[in-house]
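Structural overview for review
So you can see what is in the structure, the chains are spelled out below.
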Amino acid sequence: MAAKRLYESVSKNLTEELHRWGGLKQTGVSLRYMMEFGSRPTDKNLLISAQFLHKELPIRIARRVIELENLPYGLSEKPAVLKVRDWYVDSFRDLRSFLEIKGKSDELEFTQMIKMIKVRHNNVVPMMALGVQQLKKGMDPKIVCEDLDEIHQFLDRFYMSRIGQHVALHDPNPPPDCIGYVHTKMSPMEVARSASEDARAICLREYGSAPDITIYGDPDFTFPYVPTHLHLMVFELVKNSLRAVQERFMDSDKVTPPVRIVVADGLEDVTIKVSDEGGGIPRSGLPKIFTYLYSTAKNPLDEHSDLGTADMVTMAGYGYGLPISRLYARYFGGDLQIISMEGYGTDAYLHLSRLGDSQEPLP
């Protein structure tokens, strides 16, 4: 069946409305603002937050729909990408059909709708990964990853779109020191330990054994950050290191070296270093590691291409872990750098900004 363009699958009025909203200016917020505003989740503040999202989300979602329609190399016509586009169109339609938010009952109803939209978008990352793999399969192998700059830039912008803080502010019994998704006294050591244990459990499941992990740092140190973001980033970095070490020493008589994590608290940044002795990455491969089309592992989507199992966590293979981790780091003013010694191992430096003043980088 031929892929349906947007104007063929939705009404003319909705297409025009999408384009009109997609042309409006977006408004960003900083981590500090989210904390200050969210620390007082009064009815008035929740109403202001909902009214902001009611106006802001249709702009951001419309922009994504327009981009999904105009991707290079025929990516827009891939079945998985069309599915993602339809999810975004449905969410835009839902948001626009919610007329206005005047009082508490409207705000609660709107929050329920946002929760539904969030659930609808749960599988966006694996579904887009599948779309990119569908593109890769039919592509001329001579086209190398770096040549697909437009696709990488699009995916960067695409994954920067976030909702969720508003929903989290509604928790009637928020955990201590939590403002929405932000933990005002987050222990990076604790999050690193939890993420490492998760990554190690997957390594054990896939290989039957796993290298040890040692963590160094001040266990009492805390700072305000989003624990779910940090967990994802450390999990990805440790998962990569475990796989590299495991595959290098699997058939060796030598003692498997541990993966080392160091947490350092500076005045400007909190830096987490993940070091391994997994053999490193060749210098020619370093530019590719932050591209969405590159992975050294076999692609799990080839095995579970029905997407029913696509949210199953695997050791590797989407080629998404590093670029998405770097986006999460940059989201609040940090960064991710990889330094490698081929023949020895790799060091990943995850910089997290302590200041929290940087604006959301709007796509």
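First things first, this report covers the structure right here in the doc. (Residues numbered from 1 in each chain as written. Predicted model: local features only at pLDDT ≥ 70, side-chain atom pairs only at ≥ 80, totals over all residues. Heavy atoms only, no water.)

1. Considering helix H2 (residues 12–22)
Inclusion rule: Buried means the residue's accessible area, taken with a 1.4 Å probe over protein chains only, is under 20% of the maximum for its type, while exposed means over 50%, and partly exposed covers the values in between. Working definition: helices are DSSP H or I runs of at least four residues, strands are E runs of at least two. Numbering for both runs from the N terminus. Working note: the arc is built from the helix axis to C-beta atom directions.
Buried within H2 are the following residues: Leu14, Thr15, Glu17, Leu18, Trp21 and Gly22. Down the axis of H2, the smallest arc covering the buried residues is 165°, so these residues share one side. Turned more than 90 degrees away from the buried face of H2 sit Lys12, Asn13 and Arg20, all of them exposed.

2. A few points about empty space enclosed by the protein
Definition in use: Within this scheme a cavity is a closed region of a 1 Å grid, computed over the protein atoms alone, that accommodates a 1.4 Å probe without allowing it to escape, whereas a pocket is open but has protein on both sides within 12 Å along at least five of seven lines; lining residues each have an atom within 4 Å of a point. Grid points are joined across faces, edges and corners, and a volume is the space filled by probe spheres set on the points.
Throughout the structure, instances matching the rule amount to one cavity of 30 Å³ or more. Here the largest cavity is characterised by a volume of approximately 40 Å³. The greatest single-element share of the lining of the largest cavity, amounting to four residues, is contributed by helix H13 (residues 321–331).

3. Looking at the sheet that holds strand E5 (residues 259–265)
Let me state the cut-off plainly: Any two strands with at least two DSSP-identified bridges between them are counted as paired. Simply put, an axis is a line fit to the C-alpha atoms, just over the touching stretch for a helix, and the angle between two N-to-C directions goes from 0 to 180 degrees. The contact criterion used throughout is that any non-hydrogen atoms of two residues lie within 4.5 Å.
On the basis of which strands lie adjacent, the open sheet formed by five strands has the order E3-E5-E6-E8-E7 and mixed pairing. Both edges of this open sheet fall to strand E3 (213–216) and strand E7 (335–341), since each of them pairs with a single strand only. When strand polarity is set aside, the average angle formed by the axes of neighbouring strands in this sheet is 15°. Pairing of strand E6 (residues 269–276) with strand E8 (residues 345–353), which is carried by eight bridges, proceeds in the antiparallel orientation. Pairing of Val270 across the sheet is with Leu352, part of E8. Contacting E7 and E8, H13 runs over the sheet at an angle of about 135° to E7.

4. A few points about the sheet that holds strand E1 (residues 178–179)
If you walk across this open sheet you meet the three strands as E1-E2-E4, and the pairing is antiparallel. Two strands in the sheet have a free side with no partner beyond their single neighbour: E1 and strand E4 (223–225). The sheet contact formed by strand E2 (residues 182–186) and E4 spans two bridges and is antiparallel. Bridge assignment links His183 to a residue of E4, and that residue is Tyr225.

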